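Each chain, letter by letter, is given below.
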Amino acid sequence: MNDLIEKLQFEAASYQEGFQLLSKARNLNELAKSFFHIVRGNLMISGINIYYREKNANTWNLLIVRNKNLMPIEEHDDSADSMDSRPGLSLKVSMVDGSAFALLLGDKLNKKAYDDYDRISLQRMAQLLDSSYQVFINKQKEKELVFSLNQKILQLNSLVDTGIEISRLGQGNGILELALNRVVSLTNASKGSLTVTEKKRIINKIFFPSRFKEKPLIKNNEYISSVFKFNGKKYDFKLYQKESRQGVIAFDTTDQLLLDSFARQVNVTLENHFLHEQTLEKQKIEQDISVAAAIQKQIIPDSLPDISGYDIAGVNIPTKFVGGDYYDCILLKDKRYALIVADVSGKGIPAALLVSSLHASLSAYLDAGIDLISMAKKLNMIIYNASTIDKYITFFIALLNPQTGELESLNAGHNQIYLLKAGKKIIELKTGGVPFGMMGIEFPYQTEKNLIESGDRLLLYTDGVTEAMNARETQFEDVFPLDKYLTDKSKADITAKDFIDRLIIDIKDFTGDTPQSDDITALYLIRKA
Amino acid sequence: MEAEFNLTSEINNDCLVLKTDGYVNNYGGEQISNEFNKHFKNGIKKVVISLAKSKVVNSIGISFMIEIIEQLNEVNGKLYFTDMDSSIEKTLTIMGLFSYAGKASTIDEAIKSLN
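Values in this document were obtained by computation on a predicted structure and should not be read as measured data. (Residues numbered from 1 in each chain as written. Chains lettered and ligands numbered in written order. Predicted model: local features only at pLDDT ≥ 70, side-chain atom pairs only at ≥ 80, totals over all residues. Heavy atoms only, no water.)

1. Points about the packing of aromatic side chains
Consideration 1: In the structure shown here, the tally under the stated rule is 23 aromatic pairs over all chains.
Consideration 2: With centroids separated by 4.7 Å and ring planes inclined at 5 degrees, the aromatic side chains of phenylalanine 228 of chain A and tyrosine 235 of chain A adopt a geometry described as stacked. Each of the two residues, phenylalanine 228 of chain A as well as tyrosine 235 of chain A, counts as buried.
Consideration 3: Among the aromatic side chains, those forming a connected cluster through ring pairs are Phe476, Phe480, Tyr485, Phe499, Phe510 and Tyr524 of chain A.
Consideration 4: The lysine or arginine in question, arginine 245 of chain A, covers the ring of phenylalanine 64 of chain B, its NZ or CZ lying 3.5 Å from the ring centre.
Consideration 5: Cation over ring: lysine 103 of chain B sits above phenylalanine 98 of chain B, and NZ or CZ is 4.7 Å from the ring centre. (Phe/Tyr/Trp six-rings, centres within 6.5 Å; stacked < 30°, edge-to-face > 60°. Buried < 20%, exposed > 50% of the residue type's maximum accessible area, 1.4 Å probe, protein only. Lys NZ or Arg CZ within 6 Å of the ring centre and 35° of its normal.)

2. Regarding the environment of asparagine 157 of chain A
Consideration 1: Tracing the chain through its elements places asparagine 157 of chain A in helix H3 (residues 116–169).
Consideration 2: Judged by relative accessible area, asparagine 157 of chain A falls into the partly exposed class, the value being 25%.
Consideration 3: Apart from residues no more than four positions distant in its own chain, asparagine 157 of chain A is found in contact with Lys90 and Ile94 of chain B. (Helix = DSSP H or I, 4+ residues; strand = E, 2+ residues; numbered from the N terminus. Contact = heavy atoms within 4.5 Å.)

3. Concerning a nonpolar patch on the surface
Residue and element names in this part refer to chain A.
Consideration 1: On the surface, Met438, Met439 and Ile441 cluster together into a nonpolar patch covering about 250 Å² of accessible area.
Consideration 2: Looking at the secondary structure, you find isoleucine 441 in the loop between strand E16 (432–433) and strand E17 (448–451).
Consideration 3: Judged by its relative accessible area of 40%, isoleucine 441 falls in the partly exposed class. (Patch = residues over 30% accessible without salt bridge, like charges linked within 9 Å, V, L, I, M, F, W, Y side chains within 5 Å. Areas by Shrake-Rupley, 256 points an atom, 1.4 Å probe, with all protein chains shown as cover. Salt bridge = Lys/Arg side-chain N within 4 Å of Asp/Glu carboxyl O.)

4. Looking at the sheet that holds strand E14 (residues 417–420) of chain A
All names here are of chain A.
Consideration 1: The five strands lie next to each other as E9-E19-E18-E14-E15, forming an open sheet whose pairing is antiparallel. Sheet topology places strand E9 (310–317) and strand E15 (426–429) at the edges, where each strand pairs with a single neighbour. Going across the sheet, the axis of each strand differs from the next one's by a mean of 15 degrees, ignoring polarity.
Consideration 2: Of the pairings in the sheet, the one linking E9 to strand E19 (residues 520–527) comprises eight bridges and is antiparallel in character. Looking at the pairing, asparagine 316 lines up with threonine 521 of E19. (Pairing = 2+ DSSP bridges. Axes fitted to C-alpha atoms, helices over the stretch in contact; angles between N-to-C directions.)

5. Re the sheet that holds strand E8 (residues 233–242) of chain A
Residue and element names in this part refer to chain A.
Consideration 1: With antiparallel pairing, four strands are arranged side by side in an open sheet as E6-E5-E8-E7. Of all strands in the sheet, those bounded by a partner on one side alone are strand E6 (201–208) and strand E7 (223–230). Between one strand axis and the next, the sheet turns by 15 degrees as a mean value, whatever way the strands run.
Consideration 2: For E7 and E8, the ladder comprises eight bridges, and the chain directions are antiparallel. Note that in E8 the partner of phenylalanine 230 across the bridge is lysine 233.
Consideration 3: In the packing of helix H4 (residues 173–186) onto the sheet, the strands contacted are strand E5 (189–198), E6 and E8, and the crossing angle to E6 comes to about 45 degrees.

6. Let's talk about the side chain of threonine 187 of chain A
Residue and element names in this part refer to chain A.
Consideration 1: Checked against the element boundaries, threonine 187 lands in the loop between H4 and E5.
Consideration 2: A distance of 3.2 Å separates a polar atom in the side chain of threonine 187 from the backbone oxygen of valine 184.
Consideration 3: When sequence neighbours within four positions are dropped, the list of residues in contact with threonine 187 reads Leu239, Lys242, Phe251, Asp255 and Leu258. (Polar contact = N/O pair within 3.5 Å; in protein donor to acceptor, adjacent residues only side chain to side chain.)

7. Here's the deal with the domain arrangement of chain A
Consideration 1: Its domain assignment divides chain A into domain 1 (2–141), domain 2 (170–274) and domain 3 (300–527).
Consideration 2: Computed over C-alpha atoms, the centres of domain 1 of chain A and domain 3 of chain A are 113 Å apart. (Domains from an automatic or database assignment.)

8. A closer look at the interface of chain A and chain B
Consideration 1: Tallying the contact residues gives 26 residues for chain A and 25 residues for chain B.
Consideration 2: Carbon and sulfur atoms make up 56% of the surface buried where chain A meets chain B, a total of about 2,100 Å² over both sides.
Consideration 3: Of all residues in chain A, the largest losses of buried area upon contact with chain B belong to Phe147, Glu243 and Arg245 of chain A, amounting jointly to 31% of the total for that side.
Consideration 4: Counting the contacts that link chain A with chain B gives three salt bridges.
Consideration 5: The closest approach of N and O atoms between lysine 90 of chain B and aspartate 161 of chain A, which form a salt bridge, is 2.6 Å.
Consideration 6: Connecting chain A to chain B are 14 residue pairs in polar contact (both at pLDDT 80 or more).
Consideration 7: Of all the secondary-structure elements, those providing two or more residues to the side of chain A that touches chain B are H3, H4 and E5 of chain A. (Buried area = accessible area lost by both parts, 1.4 Å probe.)

9. Some words on the pattern of salt bridges
All names here are of chain A.
Consideration 1: Per the stated rule, a full pass over the model turns up 20 salt bridges over all chains.
Consideration 2: A salt bridge links arginine 336 to aspartate 334; its shortest N-O distance comes to 2.9 Å.
Consideration 3: Notably, a salt bridge pairs aspartate 506 with arginine 502, separated by 3.9 Å at the nearest N-O pair. One end of the pair, aspartate 506, and the other, arginine 502, are both in helix H12 (residues 496–511), four residues apart, so they sit about a helical turn from each other.
Consideration 4: The class for aspartate 506 is buried, based on a relative accessible area of 17%.
Consideration 5: If you follow the salt bridges from partner to partner, you end up with Asp334, Arg336 and Glu408 in one network.

10. A short note on the pairing of E7 of chain A
Consideration 1: Of the two faces of E7 of chain A, only one is covered, namely that formed by Ile224, Ser226, Phe228 and Phe230 of chain A; the face formed by Tyr223, Ser225, Val227 and Lys229 of chain A stays uncovered.
Consideration 2: Hairpin geometry of E7 of chain A and E8 of chain A is characterised by an intervening segment of two residues between the two adjacent antiparallel strands and by a positive phi of about 55 degrees at asparagine 231 of chain A.

11. A word on the packing of H3 of chain A against helix H3 (residues 86–94) of chain B
Consideration 1: At a minimum axis distance of 9 Å, the contact between H3 of chain A and H3 of chain B shows a crossing angle of 150 degrees. Relative to H3 of chain B, H3 of chain A is oriented roughly antiparallel. Note on packing geometry: the crossing formed by H3 of chain A with H3 of chain B is right-handed. Along the contact surface, H3 of chain A presents Asn150, Ile153, Leu154, Asn157 and Asp161 of chain A, while H3 of chain B presents Lys90, Thr91 and Ile94 of chain B.
Consideration 2: In terms of residue class, the contact of H3 of chain A with H3 of chain B is built from three nonpolar, three polar and two charged. (Parallel < 35°, antiparallel > 145°, perpendicular 65-115°, else oblique. Left-handed = near helix turned anticlockwise from the far one by under 90°. Nonpolar A, V, L, I, M, F, W, Y, C, P; charged D, E, K, R; others polar.)

12. Some thoughts on the nonpolar core
Consideration 1: Ranked by internal contacts, the top residues of the largest apolar core, which has 59 residues, are Phe237 and Val266 of chain A together with Val47, Ile49, Leu79, Phe81 and Leu92 of chain B.
Consideration 2: With eight residues, the single largest contributor to this core is H4 of chain A.
Consideration 3: Setting aside anything within four residues of it in sequence, one finds valine 266 of chain A in contact with Ile166, Ile175, Leu176, Ala179, Phe228 and Phe237 of chain A.
Consideration 4: Counting 52 residues, the second-largest nonpolar core is a separate cluster that includes Leu362, Phe395, Leu419 and Phe436 of chain A. (Core = buried A, V, L, I, M, F, W, Y, C linked by side-chain atoms within 4.5 Å.)

Right, here's the structure in full:
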């Protein structure tokens, strides 16, 4: 009795140690090896063979061979399921996951036959193996879980990193290749492609890792795709054949989400680069405009000449950096003064270029001293040849003899110019012809002659004055007709400069916060009393 | 599922040096594993994998390399990775490989560390 108690105590201690040993196993071979030592130590046997069969498999894999004389379990040997028929002691142990171990025990060292106690002991050890196997399986699952979590971290990290990297690469194949490579590897796809089409024509095709035939894979539905459109182009990312250790498997929802995220990153990067390039282009245009504005500034006079017996002032406020208005007062060789105002259709650089052409030609003709009609004909053809069909210049010029007050004028399609006589009569200077550049013919321009006497006033202006608009889209002239504005008593005795300043203040008060819609230009001449 | 992947191997100072070229995926990982096992059976315990010509690796390829690390750990062996592209180094770091494997800039440096 005491022997049995000691034996049971020894076995209990042995099981505990055995469980600890088995639980440390890192693989099936280690598990089988440790189990072999436990069985041999407890049952005192000469040899043991241990087999393992995976769930639903027919094949038994030999893990431990310590007795080659034992009858082997051949592959596909169904008799392994009925092991009682085998000589010696044998046992099949089913595991929790559907797999099984088969134990074939050789003779005992003392050559005695196995008794019931041995069989019970072996059953207990089999339970020990089952428990240890569960620990082993859980460890495997834990390892797989850690691997899977690491992969998720890797995917998120790569998504962020790739976003940063492609935003630095700029446009071109660099970002497309990088995004494709990354998403192929992160989804475990075996290959991928990107097709860029424009108007249904393929304009770019990228493969990873190298060119391959897509049609059979598409036909077998072994792919996922993500498509976006940008700037008239269609970008189609496709991933093919998701890999696993067991072969090709289906892509899952996470793969699709990941692919969509990469495609979206590429889309956003392309948009950002497009906007960045547009900004650069805009900056360049603004620089060009600034240069043109500087040239324009050279054309518009900083100050006007002092004309003995007269008071003169002018203003030019362009709407953009470069305006389409022009005015000047030029002393001619015959001591007369040319008073000029012009307005080019349109604004910006094209308008400035026309103003520049007009100024250069006008200066040359005035210097040459040719008559106004001849000059107008020449200027008309020059502007016609130098401009597009929608561009023309309205132009007014008056030649003033300061001594006599004689004023010869020509109005080429410009607003009527007002000559306010001291006796309050207003003369509208309208004689001339069509705007320059409108018709490519020798137009029969005409001039008119008037006299400026003491107290008479002359206002040259562009439509930026009369058509200045307020928030209710009412024009300045609708409220302040210029002929009335000129004859207003409050403007009767003020200087030319004060008149111009007052005019600008009145326009600003009228328009309020409404942005200036057109260039504002005015030239005001008073013959002193 | 074959991809363009090439593997060369040599023994240098008792170290197995494997040089990969191409996408380290299921196919690439299998090639590495097979070549390693061939030498492992013959007692090789020190291994260097040079990834100089591989810019992309997926997790299936990594699982093969984890197995190699586990096999080497059982016999107190060691694996070193060398010539890694920064993104591959980051990938292997996140997947936890450098807890059990070493890394070096060059093959020579890795062999020196292993000996």
